[in-house]
Number of protein chains: 2
Amino acid sequence: MMTAMCAARPADDDATADGSPAAGWSAQINALGDFIRAQRQLANLSLREMASMTSVSNAYLSQVERGLHQPSLKVLHSIADALQLSTEQLLGQAGWVTGTGAATASAESGGTEDAIRKDPRLSPEQRIALLGVYRSFVAGATD
Amino acid sequence: MMTAMCAARPADDDATADGSPAAGWSAQINALGDFIRAQRQLANLSLREMASMTSVSNAYLSQVERGLHQPSLKVLHSIADALQLSTEQLLGQAGWVTGTGAATASAESGGTEDAIRKDPRLSPEQRIALLGVYRSFVAGATD
DNA sequence: CACGTTTGATAAGTATGTCAAGCATGCGGG
DNA sequence: CCCGCATGCTTGACATACTTATCAAACGTG
C-alpha cells in the first residue's frame with residue numbers, strides 16, 4: 001500500500017474574480033487539505049477506510065484533501081475524530097482560530113467580562129444577566 | 001426599540017435516533033443560536049446592524065439564531081468577529097471542541113469568581129452582589 | 001494474458017447553506 | 001385615522017456542500 005499513486009493537483013487556483021466567496025480562503029483550504037492528507041497517510045489509512053470511519057464519502061474526502069471544497073463542521077469533526085486529532089488542531093491548521101490562547105477581545109482590561117463569557121457553567125441567559133449587572137456596575141463607576 | 005415582538009419558535013425537533021458519530025445536532029445548534037442571540041442583544045445590535053457588520057444577511061442570521069440552520073465556518077467567523085468573541089468561544093459553546101484533551105472548560109472554570117474578586121473596577125458591595133448572583137446561577141445548574 | 005482487488009479521481013444528482021425581496025407587527029407623528 | 005420607519009420573520013431562488021455510482025491505473029494472483 002501507499003505507493004506513489006495518481007496524485008494530481010490542478011494547479012493553484014486562486015480564482016477570486018467574482019466577488020461571491022470571501023477572497024483568499026483557497027490558501028487556507030489547501031493547507032487544511034494537505035494537512036489532512038498527511039495525517040491520513042501517516043495513519044496508513046486509505047480514503048475508503050477513512051470514509052467508513054468518518055461516515056463521509058471517500059469521494060468528498062478526496063476533494064477536501066485537494067482543496068476543492070470547504071468542509072463543514074460536521075465533516076471536520078468527523079475527520080478529526082478519525083485521525084485522533086482535536087478539532088482545534090484542524091481548525092488551527094486552516095487558520096480559523098486565532099490560536100489556542102486567542103483573545104481577540106479585550107483580555108487584559110476586561111478580564112471579568114471575558115471570564116463571564118467563557119464560563120461554561122452559565123447558560124446564555126445567565127450570561128446576559130450577569131454581564132448586564134457587571135456592566136451597569138462598571139458604567140456607574142469612573143470609566 | 002428593542003421590543004420583543006413577533007417571536008415564534010417552531011417546537012424543539014430532536015429527531016436523531018441513528019448511531020451516527022455526530023448525532024444530536026439540533027441541541028447544539030439551538031445552544032449556539034441562543035448564545036449568538038444573547039451576545040448580539042448584549043451588544044445592543046439589531047439583526048440588520050449585525051448583518052451589515054458581518055456581511056451576512058439579516059434573514060440568515062435570524063434563522064441561525066433560531067436554530068434553523070447550521071452556519072458554515074465563514075459565517076461563524078464573521079459573527080465571532082462582529083461580536084468581538086474568538087471563534088473558539090463560539091465553537092466551544094456549541095460543543096464542537098471535543099478533542100482528545102479538550103480541557104478548555106475545566107481550565108477556565110472557576111476563573112470567573114477569581115476575576116470578579118480581582119476586578120479593580122468593582123466596589124466591595126458590587127463584588128459581593130455580583131458573586132452572589134454568579135453563585136446562585138452556578139448552584140442552580142446541578143453541578 | 002485474463003481475473004479480481006485496491007487505490008485515487010470524476011460525474012451527476014440530492015441535500016443544505018445563503019441571499020434578496022416581501023410580510024407582519026409595533027411605535028411615533030401628521 | 002393613516003403613514004413612514006423601525007424591528008424580526010418567511011418565502012422562493014441560487015450557490016455550495018455532500019453522496020451514490022462509476023472510471024482508469026496499479027497491484028497482485030494463476
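So, here is what we can say about the structure in this document.

Rules used throughout
Residues numbered from 1 in each chain as written. Chains lettered and ligands numbered in written order. Predicted model: local features only at pLDDT ≥ 70, side-chain atom pairs only at ≥ 80, totals over all residues. Heavy atoms only, no water. Helix = DSSP H or I, 4+ residues; strand = E, 2+ residues; numbered from the N terminus. Buried < 20%, exposed > 50% of the residue type's maximum accessible area, 1.4 Å probe, protein only. Contact = heavy atoms within 4.5 Å. Near = heavy atom within 4 Å. Polar contact = N/O pair within 3.5 Å; in protein donor to acceptor, adjacent residues only side chain to side chain. Nonpolar A, V, L, I, M, F, W, Y, C, P; charged D, E, K, R; others polar. Salt bridge = Lys/Arg side-chain N within 4 Å of Asp/Glu carboxyl O.

Broken down by element type, chain A carries seven helices and zero strands. Along chain A, helices (α) and strands (β) appear in the sequence α-α-α-α-α-α-α when read from the amino end. Burial analysis of chain A (143 residues in total) assigns 37% to the buried set. Across chain A, contacts joining residues at least 24 apart in sequence account for 46% of those joining residues at least 6 apart.

Further remarks concern the protein's contact with DNA strand D. Around DNA strand D, the surrounding shell holds 22 residues, and the nearest of these are Tyr60 and Ser72 of chain A together with Arg40, Leu47 and Arg48 of chain B. Contact distances for DNA strand D include 3.1 Å between a phosphate oxygen and a backbone N or O atom of serine 57 of chain A. In this structure, histidine 69 of chain A approaches DNA strand D through a side-chain N or O atom, which is 3.2 Å from a phosphate oxygen. Tallying contributions element by element places helix α3 (residues 58–65) of chain B first for the surface near DNA strand D, with three residues. Of the residues in the surface near DNA strand D, the class split is nine nonpolar, eight polar and five charged.

Around DNA strand C, 23 residues are found, and the nearest of them are Arg40 and Arg66 of chain A together with Tyr60, His69 and Ser72 of chain B. Of all atoms in DNA strand C that approach within 4 Å of the protein, 73% are sugar or phosphate atoms. Arginine 40 of chain A is positioned such that a nitrogen or oxygen atom in its side chain is 2.8 Å from a phosphate oxygen of DNA strand C. Contacts to DNA strand C include serine 72 of chain B, whose side-chain N or O atom sits 2.5 Å from a phosphate oxygen. For the surface near DNA strand C, the secondary structure elements donating two or more residues are α1 (25–42), α2 (47–54) and α3 (58–65) of chain A together with α3 of chain B. Element by element, the count of residues in the surface near DNA strand C is highest for α3 of chain B, at three residues.

Summarising burial for helix α4 (residues 73–82) of chain A: eight of the ten residues are buried, a large majority. Once α4 of chain A ends, the next one or two residues include glutamine 84 of chain A, with phi positive near 55°.

Attention now goes to the pattern of salt bridges. One pass over the full model with this rule turns up four salt bridges over all chains. Of the charged contacts, one joins arginine 37 of chain A and glutamate 65 of chain A as a salt bridge, the two residues approaching to 2.7 Å between their closest N and O atoms. Separated by 28 residues along the polypeptide, arginine 37 of chain A in helix α1 and glutamate 65 of chain A in helix α3 bring together distant segments of the chain. Overall, arginine 37 of chain A belongs to the partly exposed group, its relative accessible area being 22%. The exposure class of glutamate 65 of chain A is buried, given its relative accessible area of 1%. Measuring nitrogen to oxygen at the nearest pair gives 2.6 Å for the salt bridge that ties arginine 40 of chain B to glutamate 65 of chain B. Note that arginine 40 of chain B is positioned in helix α1 (residues 25–42) and glutamate 65 of chain B in helix α3, a separation of 25 residues in sequence.

All names here are of chain A. Phi at asparagine 44 takes a positive value of approximately 55°, unusual for a residue other than glycine. The phi dihedral of serine 55 is positive, around 55°, even though this residue is not glycine. As for its placement among the helices and strands, serine 55 is situated in the loop between α2 and α3.

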